[in-house]
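A look at the structure
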Amino acid sequence: MGRTLTFNIFRYNPADPASSPHMDRFTLDETERMTLFIALNRIREELDPSLMFDFCCRAGICGACAMVINGRPGLACHTKTKDLPDEITLMPLPVFKLVGDLSVDTGTWFRGMYQKVESWVHTDKLFDPKAQEERMDNALAEQIYELDRCIECGCCVAACGTAIMREDFLGAVALNRLARFILDPRDQRTEKEYFEVVGTDEGIFGCMGLLACEDVCPKEIPLQEQLGKLRRKMAFAAVKNILPKFLKKDF
Amino acid sequence: MQIFQTDLLCIGAGLAGERVAIEAADNGFSVICLSLVPARRSHSSAAQGGMQAALGNSAMGEGDSPDVHFADTVKGSDWGADQECARIFVDTAPIAMRQMAFWGVPWNRVVPGEQTYYKGGKPFTAYEKPENEGLIHSRSFGGTAKWRTCYTSDGTGHAVLYTLDTRAAQMGVEVHDKAEAIALIHDGDNCMGAIVRCLKTGELKAYLSRATLIASGGYGRIYRESTNAVICDGGGHIIALNTGVVPIGNPEAIQFHPTGIVPTDILVTEGCRGDGGTLLDVNQYRFMPDYEPEKAELASRDVVSRRMTEHMRKGLGVKSPYGDHLWLDIRHLGEKHISTKLREVQEICESFLGVDPVHQLIPVRPTQHYSMGGVRTDKDGAAYGLKGLFSAGEASCWDMHGFNRLGGNSLAETVVAGMIVGGKVVEFLKGTDTTFSTAAIRDAMHRQEARIADLVSCANGGENPYTVRNAMFDSIMKGAGIFRNGKDLEKCVSELQEILGRARKVGLRSGGKGANPELTMALKIEGMVKLALCVAYGALQRTESRGAHTREDFPERNDRDWLTRTLATWAPGADLPTLNYEPATQVFEMPPGDRGYGGGKIIPMDAPKA
Amino acid sequence: MSIPSIATHKPVVSCKCAAYLDWLQMLSGACLVLFMWAHLFLVSSVIIGPGVMNAIAHFFEITGMAQVGGPVIFAIFLTHFVLAARKIPFTSKEQGLMLQNAKRMHHSDTWMWVIQAVTAMIILIMGAIHMWVVLTDLPITAQKSAARIQNGWWMLFYLVLLPMVELHVGIGFYRIMVKWGVIDSKGRFGFKKKENLLTAIMIGIGVVTLLRFMFLATK
Ligand SMILES: Cc1cc2nc3c(=O)[nH]c(=O)nc-3n(C[C@H](O)[C@H](O)[C@H](O)COP(=O)(O)OP(=O)(O)OC[C@H]3O[C@@H](n4cnc5c(N)ncnc54)[C@H](O)[C@@H]3O)c2cc1C
Ligand code: HEM
Ligand code: HEM
Ligand code: SF4
Ligand code: F3S
Ligand code: FES
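Chains are numbered independently. Their residues run from 1 in the order of the written sequence. Going through the entries in the order they are written, you letter the chains from A and number the ligands from 1. With pLDDT at 70 or above as the cut-off, local features in this predicted model cover only qualifying residues; side-chain atom pairs require 80 or more to be listed or tallied, and sums for whole chains, interfaces and linings still use all residues. Side-chain numbers come from the whole structure's heavy atoms, not from hydrogens or water.

Some thoughts on the overall build of chain A
- Working definition: helices are DSSP H or I runs of at least four residues, strands are E runs of at least two. Numbering for both runs from the N terminus. Helix and strand content of chain A: nine helices and seven strands.
- Seen through its principal axes, chain A has C-alpha atoms that stretch 65 × 45 × 35 Å.
- Of all 251 residues assigned to chain A, the portion counted as buried reaches 66%.
- Contacts spanning at least 24 positions in sequence make up 61% of the contacts within chain A whose residues lie at least 6 apart.
- For chain A, the accessible surface area stands at approximately 9,300 Å², while carbon and sulfur atoms represent 52% of it.
- Placing the 32 positive and 38 negative side-chain charges of chain A at their respective mean positions leaves the two points 5 Å apart. Note on classification: 1.4 Å probe, protein chains only; a residue is buried when its accessible area is under 20% of the maximum for its type, exposed when over 50%, partly exposed between these limits. Any pair of residues with heavy atoms lying within 4.5 Å of one another is described as a contacting pair. Each accessible area is a Shrake-Rupley result for a 1.4 Å probe, and residues are judged covered by the shown protein chains and nothing else. Counted charges follow a simple rule, with Lys and Arg positive, Asp and Glu negative, and His plus the chain ends left uncounted. The atom standing in for a charge is NZ when the residue is Lys, CZ when it is Arg, CG when it is Asp and CD when it is Glu.

Quick word on the nonpolar core
- The criterion is simple. A nonpolar core is a set of buried Ala, Val, Leu, Ile, Met, Phe, Trp, Tyr and Cys residues joined through side-chain atoms within 4.5 Å. Within the largest apolar cluster, 126 residues are counted, with the highest numbers of intra-cluster contacts made by Phe7, Ile9, Leu40 and Leu90 of chain A together with Ile330 of chain B.
- If we skip the residues at most four places from it in the chain, Leu90 of chain A touches Phe7, Asn8, Ile9, Phe10, Met23, Leu36, Leu40, Met67, Val68, Ile69 and Leu102 of chain A.

Topic: the site of ligand 3
Residues and elements named next belong to chain C.
- Any residue with a non-hydrogen atom lying within 4 Å of a molecule or strand is treated as near it. Taken together, the neighbourhood of ligand 3 is formed by 20 residues, with His39, His130, Ser145, Arg148 and Tyr158 sitting nearest.
- Between ligand 3 and Ser145, the relevant distance is 2.7 Å, taken from an oxygen atom to a side-chain nitrogen or oxygen of the residue.
- Take Arg148: an N or O atom from its side chain is 2.7 Å from an oxygen atom of ligand 3.
- For the shell around ligand 3, the secondary structure elements donating two or more residues are helix H2 (17-48), helix H6 (108-135), helix H7 (142-149), helix H8 (154-179) and helix H9 (185-214).
- Sorting elements by how many residues they give to the shell around ligand 3 places H6 first, with six residues. Here a polar contact is taken to be a pair of N or O atoms separated by no more than 3.5 Å, where protein atoms must pair a possible hydrogen donor with a possible acceptor and residues adjacent in sequence count only if both atoms sit in side chains.

Structural notes on the sheet that holds strand E22 (residues 564-569) of chain B
All names here are of chain B.
- Sheet architecture is open: five strands sit in the order E18-E16-E11-E22-E23, paired in mixed fashion. Whereas interior strands pair on both sides, the edge strands pair on one side only; in this sheet they are strand E18 (396-397) and strand E23 (578-583).
- Should DSSP find at least two bridges between two strands, the strands are regarded as paired. As judged from the six bridges shared by E22 and E23, these two strands associate in the antiparallel manner. Opposite Ala568, over in E23, you have Leu579 as the bridge partner.

Quick notes on the pattern of salt bridges
All names here are of chain A.
- Basic side-chain nitrogens of Lys or Arg form a salt bridge, by our definition, when they fall within 4 Å of a carboxyl oxygen of Asp or Glu. Under the defined criterion, the tally for this structure stands at 76 salt bridges over all chains.
- Of the charged contacts in the structure, one is a salt bridge between Arg3 and Asp86, with a shortest N-O distance of 2.7 Å. Of this pair, Arg3 sits in the segment before strand E1 (4-11) while Asp86 sits in the loop between strand E4 (72-75) and strand E5 (87-91), and the two are 83 residues apart along the sequence.
- Classification of Arg3 by relative accessible area gives partly exposed; the value is 22%.
- Take Asp86: its relative accessible area is 41%, and that puts it in the partly exposed class.
- Asp187 is the salt-bridge partner of Arg189, the closest N and O atoms lying 3.0 Å from each other. In this pair, the class of Arg189 matches that of Asp187, namely buried.

Some words on the interface of chain C and chain A
- On the chain A side, the residues contacting the 41 residues of chain C number 50 residues.
- Roughly 4,000 Å² of surface becomes buried between chain C and chain A when both sides are summed, with 58% attributable to carbon and sulfur atoms.
- Inspection of the region where chain C meets chain A yields five salt bridges.
- One salt bridge in this structure joins Arg86 of chain C and Asp201 of chain A, with 3.3 Å as the shortest N-O distance.
- Our count for the chain C to chain A interface comes out at 21 residue pairs in polar contact (both at pLDDT 80 or more).
- Elements represented by at least two residues in the side of chain C that touches chain A include exactly helix H1 (3-8), H2, helix H5 (92-105), H6, H8 and H9 of chain C.
- Among the elements that make up the side of chain C that touches chain A, the one with the highest residue count is H5 of chain C (six residues).
- Residue polarity follows a fixed list, in which Ala, Val, Leu, Ile, Met, Phe, Trp, Tyr, Cys and Pro are nonpolar, Asp, Glu, Lys and Arg are charged, and the others, Gly among them, are polar. Here the residues of the side of chain C that touches chain A are counted per class, giving 22 nonpolar, eight polar and eleven charged. As a working definition, buried area equals the accessible area (1.4 Å probe) given up by two parts on being put together, with both sides summed.

Digging into the coordination of the iron atom of ligand 2
All names here are of chain C.
- Each metal site is built from N, O and S donor atoms within 2.8 Å (3.2 Å for Na, K and Ca), and since water is not included, such sites may look incomplete. Note on the iron atom of ligand 2: its protein donors are His80 (NE2) and His168 (NE2). The metal-donor distances range over 1.9 to 2.1 Å.
- In these descriptions, tetrahedral denotes four donors with every angle between 85 and 135 degrees, square planar four donors and octahedral six donors with opposite donors over 155 degrees apart and the rest between 65 and 115, and irregular any other case. Every donor counted, the six donor atoms about the iron atom of ligand 2 form angles of 87 to 179° at the centre, which fits octahedral coordination. Of the two residues, His80 sits in helix H4 (residues 65-85) while His168 sits in helix H8, which places them 88 residues apart along the sequence. Accessibility assignment for this pair places His80 and His168 in one class, buried.

A word on the coordination of the iron atom of ligand 3
All names here are of chain C.
- Within the first shell, the iron atom of ligand 3 binds the protein through His39 (NE2) and His130 (NE2), at distances of 2.0 to 2.1 Å.
- Taken together, the six donor atoms coordinating the iron atom of ligand 3 span angles of 85 to 178° at the metal, a pattern that classifies the geometry as octahedral. With His39 in helix H2 and His130 in helix H6, this residue pair connects regions lying 91 residues apart in the sequence.

Quick look at the site of ligand 5
- Residues in contact with ligand 5, as listed here, are Cys160, Thr162, Phe169, Cys207, Met208, Gly209, Leu210, Leu211, Ala212, Cys213 and Leu227 of chain A.
- In terms of residue class, the shell around ligand 5 is built from nine nonpolar, two polar and no charged.

Side note on unusual backbone geometry
Residue and element names in this part refer to chain B.
- In this structure, Asp265 takes a positive phi of about 65° despite not being glycine.
- Mapped onto the secondary structure, Asp265 falls in the loop between strand E12 (254-261) and helix H6 (271-274).
- Residue Asp265 is classed as buried on the basis of its relative accessible area, which comes to 9%.

Comments concerning the sheet that holds strand E14 (residues 326-329) of chain B
Residue and element names in this part refer to chain B.
- Here four strands make up an open sheet; going across it, the order is E12-E15-E14-E13 and the pairing antiparallel. Each edge of the sheet is formed by a strand with only one pairing partner; in this case those strands are E12 and strand E13 (278-280). Neighbour to neighbour, the strand axes of the sheet diverge by 45° on average, direction disregarded.
- Note on geometry: axes are lines fitted to C-alpha atoms, helical ones only across the stretch in contact, with angles between N-to-C directions running from 0 to 180 degrees. Along the sheet, helix H8 (residues 301-316) contacts E12, E13, E14 and strand E15 (362-371); its crossing angle with E12, the most-contacted strand, is approximately 60°.

Let's talk about the side chain of Asn108 of chain B
- Along the chain, Asn108 of chain B turns up in the loop between helix H3 (83-103) and strand E4 (113-119).
- Asn108 of chain B gets classed as buried once you look at its relative accessible area, which sits at 3%.
- Of the polar contacts made by the side chain of Asn108 of chain B, one reaches the backbone nitrogen of Ser153 of chain B; its length is 2.7 Å.
- When neighbours within four sequence positions are excluded, Asn108 of chain B is seen to be in contact with Asn138 and Glu142 of chain A together with Leu135, Ile136, His137, Tyr151, Thr152, Ser153 and Lys341 of chain B.

Details of the interface of chain B and chain A
- Facing the 80 residues of chain B at the interface are 68 residues of chain A.
- A per-residue breakdown of the area chain B buries against chain A is headed by Arg41, Phe102 and Phe352 of chain B, which together make up 13% of the total.
- Remark: the boundary between chain B and chain A carries seven salt bridges.
- A salt bridge links Lys178 of chain B to Asp54 of chain A, with the shortest nitrogen-to-oxygen separation between them at 2.9 Å.
- Summed over the shared surface of chain B and chain A, the number is 39 residue pairs in polar contact (both at pLDDT 80 or more).
- Counting only elements with at least two residues in the side of chain B that touches chain A, the list comes to H3, helix H4 (156-170), strand E7 (174-177), helix H10 (343-353), helix H13 (465-479) and helix H15 (517-541) of chain B.
- Per-element accounting of the side of chain B that touches chain A gives the leading share, eight residues, to H10 of chain B.
- Class assignment for the residues of the side of chain B that touches chain A results in 33 nonpolar, 24 polar and 23 charged.

Pasting the structure below:
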């Protein structure tokens with residue numbers, strides 16, 4: 001304790017013609033158990049009421065507060081100042097459209113993503129309100145939930161060099177989402193249909209294995225494993241008919 | 001002025017808003033949902049524990065039925081619930097859970113054979129029937145006779161919201177996020193949509209709709225210590241209240257959760273206690289069985305919160321720089337259980353407290369958690385006061401929760417009410433045509449533009465909106481917290497009235513261009529203080545103790561005089577809400593009686609007038 | 001992903017090209033890795049003695065493997081280049097973005113990719129020259145190699161090419177393993193350490209080999 005923290009914060013308000021992108025410095029005395037949530041709110045309330053940033057749950061579960069903290073994307077509400085040096089640099093997430101200062105528009109990007117990978121259960125069955133639910137193995141349900149834990153914070157996309165360079169790359173979050181539906185027996189999409197969604201250079205074959213996604217994901221979703229599985233599955237799907245029989249197992 | 005037109009406008013894209021939206025979209029109507037944040041960040045995603053529905057698949061849920069669920073709900077509400085709604089709710093809940101399963105929620109499922117569970121910190125085994133293998137499982141939650149809470153690990157709200165949002169995306173429901181409704185467009189009889197401030201650009205837009213739904217969640221953020229997300233500040237309630245004709249039902253009914261962590265007030269799920277977690281005091285002594293021999297830690301929330309406060313007042317709390325607290329102990333559940341079934345809890349403790357719950361105790365205290373009250377609707381979800389206005393979810397007072405909501409009942413309410421109210425909205429849309437009054441639209445728009453111009457130019461004064469808000473926080477927690485009494489409430493009301501005066505004089509220091517956050521706060525602060533006044537004034541008038549509303553000076557539940565629901569409206573320009581009352585329920589399936597926990601005396605309905 | 005690209009590109013890809021190309025990229029890379037290990041084995045045998053190297057070289061010569069294998073390797077080399085080049089940022093804007101990102105993040109795997117892309121370009125040029133020189137002057141003997149290395153700039157040439165190649169090989173191998181999920185998240189960091197160690201050892205052997213050539217009598 002007793003430290004004085006210096007915050008270098010990216011500032012730009014696109015709605016204000018007088019504003020141009022620059023860094024602002026603020027200093028705060030550190031308090032016990034301080035998080036960036038506490039710090040940023042203090043800066044806004046005590047020093048500069050125009051500072052834009054996003055928090056929602058402030059409990060690390062909604063994904064609203066992702067920003068670049070000393071170079072790496074992460075959840076601000078989740079970050080304790082005592083784990084950081086005296087100088088803290090905060091930038092908005094790249095890839096996503098800037099709203100202002102530290103706030104970005106993730107909503108539009110993610111909506112686009114849902115449409116592109118058709119992020120929903122595809123089935124031709126109709127819901128019967130009188131019937132019992134279809135059974136499912138508990139272990140499988142837990143596996144699906146494991147991938148469903150993604151909070152769409154966008155960190156994995158903002159950390160991925162591929163996504164930063166190539167606008168049309170789907171990003172780990174979308175690939176993980178598809179892996180989730182592939183696991184789910186309720187989704188009746190065939191391998192071929194999945195292939196059409198991600199068997200491309202915008203999809204799984206665009207991923208260069210940079211693994212920043214895995215290393216920044218605040219939910220520690222096993223992205224590397226999922227991307228690996230997906231690559232194998234899609235790659236083998238493409239060569240299925242040329243492959244000799246004994247190699248045709250399920251990847 | 002940009003104008004959007006749609007059949008249904010949902011103000012809120014949490015579970016309730018999206019469920020209604022899906023129903024309307026399914027029936028071919030166009031729907032736009034507004035949300036302050038991308039839909040999936042809505043606060044519904046924070047609910048960890050689960051949702052109640054009497055499926056009765058699990059061993060500990062055997063023999064469960066909607067009737068048992070109904071009895072639990074009404075008892076839980078301390079007979080403040082509208083029993084017609086409670087009935088509709090319990091009957092529909094199992095269908096809604098199955099529908100969620102159909103749409104893709106990865107519910108935890110029954111694993112057959114001997115299973116080890118925990119109750120009161122002790123393990124026991126139960127035999128899960130092989131014929132139920134793979135059906136939706138359930139866990140225990142406070143205040144229920146059976147294990148009835150369907151769950152997915154401890155991310156139930158998250159999993160269900162993600163599923164619903166994918167379904168909404170599939171159905172073509174539009175979600176306009178980072179958009180805040182700041183006023184309803186109405187002519188005193190009909191609701192025609194809302195004036196919306198875009199939180200990306202700061203622009204004002206008009207949304208015209210034939211039906212409008214308020215599903216904006218709770219208003220916990222009128223308290224400083226709240227488990228709610230920072231966006232849960234009553235935006236939907238404020239615009240309803242500002243119409244002058246739409247009442248807020250039971251504003252004083254505020255629930256406190258026993259286990260918010262100290263200092264960040266993040267909730268750790270009731271599932272901790274459901275799975276066998278215990279509460280300890282400064283001497284690491286388990287005190288709950290002394291107060292509640294039968295249910296101990298699993299008594300309903302209001303009871304546990306009160307007992308905790310009572311115990312801390314005896315000086316048995318743990319002192320800390322952030323005030324007194326108690327300990328939650330889940331160490332005996334073991335590493336495996338904690339890191340799978342209670343993983344989010346573990347994450348919260350480690351990231352926000354630096355505490356490892358496998359080996360260490362968790363500091364907790366009762367924290368504002370849920371608002372039972374809200375936009376008063378009839379059993380179809382239609383708001384009182386304006387035609388074409390509906391409400392669902394935590395924002396509404398539909399009113400199955402009365403004065404205390406059971407854990408797991410609110411998440412279930414969002415999808416069940418969403419289904420029911422959605423159906424009624426569809427009926428309404430099929431049966432009515434609306435004429436939009438351009439005068440009303442222009443008038444509503446001009447009024448908001450003028451408000452903003454005044455704030456920016458400090459025309460009414462230069463009060464700092466954050467200072468005003470902090471004053472409100474201080475006042476309401478002292479006056480209308482867990483324990484209430486006439487003296488403190490009176491003081492609180494008069495303080496809040498003074499604060500309201502200041503709220504009307506706020507002005508900006510920062511120019512207000514674009515998505516300016518100070519302007520966002522300034523636009524809301526007057527409404528927040530009004531809501532706080534509804535709470536405090538409602539609590540002051542209600543001279544009894546019922547559910548979460550506990551008056552030290554009136555400890556009895558008074559069914560003779562107060563088996564009623566408060567209806568608070570706000571006349572334009574007034575300094576206090578107008579309070580009216582209606583009977584708590586028109587239909588008595590279950591006459592008022594003893595809850596079986598919580599103690600307390602009851603003045604029966606037929607007791608002679610004092 | 002940009003909104004216009006969602007609106008205009010229907011997600012219908014009835015072509016499997018992306019998958020085939022990825023297969024080929026991986027397989028060509030893997031072939032080259034195997035080749036480079038074999039190559040190291042051949043060339044470093046000179047440490048034991050020029051006779052051993054000559055014997056191995058002679059074996060390849062009489063079986064015809066050098067005459068056919070050489071051009072085949074050359075072809076794989078070019079194929080790999082063409083495939084992998086699809087991933088390399090060629091506009092300075094893209095390069096800048098990638099570099100900035102690696103710098104900002106202090107993230108080793110991202111840096112490793114940058115190294116891979118940079119070494120690739122150097123290998124392309126120097127490797128091609130090297131292969132041209134060696135393959136147009138068959139048969140391979142330790143004495144000829146020694147003569148080359150003791151002559152002019154060749155020593156320097158190899159001292160640059162060697163670490164470039166070994167880095168590229170090492171990282172490439174690691175990359176195949178993670179991209180195809182052969183190792184999982186848990187095994188990753190351990191594997192990376194081992195892989196780096198291997199690269200260092202290879203460079204070491206290479207340097208020793210070069211020194212051996214330097215001081216080998218050319219007759
Ligand atoms: C930490 C925590 C844990 C909980 N756990 C459980 C549990 O285990 N079981 C259970 O049953 N219940 C639980 N609850 C309660 C339950 O989560 C909520 O009651 C429920 O999710 C509310 O859903 P909703 O759809 O009504 O509102 P929300 O999900 O809060 O959605 C509100 C929506 O309205 C939008 N909005 C608000 N104001 C405006 C405005 N002015 N203009 C435009 N949009 C606006 C928001 O952006 C959001 O999209 C928990 C609550 C908390 C705080
Ligand atoms: C001795 C020669 C070479 C060897 C052994 C080799 C080996 C490899 C291997 C094993 C990979 C990983 C493949 C994959 O991830 O699918 C790889 C990737 C790569 N190689 Fe090479 N390579 C060689 C030469 C070259 C050359 C000449 C280039 C020239 C451009 C090049 C450019 C690349 C690039 C850019 C990648 C990264 C591809 C990606 O990340 O998707 N390589 N190489
Ligand atoms: C079929 C093709 C190849 C043949 C026949 C071949 C042969 C040789 C020979 C004979 C040497 C000894 C030095 C000399 O004579 O100049 C050598 C060294 C070397 N070669 Fe190759 N080479 C081939 C391909 C490659 C490729 C593709 C690369 C990488 C791009 C490469 C990288 C090197 C390096 C770095 C050395 C220095 C060796 C060391 O120090 O271990 N070679 N090669
Ligand atoms: S995968 Fe991880 S990093 Fe990516 S959006 Fe989801 S939670 Fe965030
Ligand atoms: S960082 Fe990007 S390149 Fe692939 S492994 Fe992750 S998506
Ligand atoms: S505010 Fe929700 S994750 Fe940080």
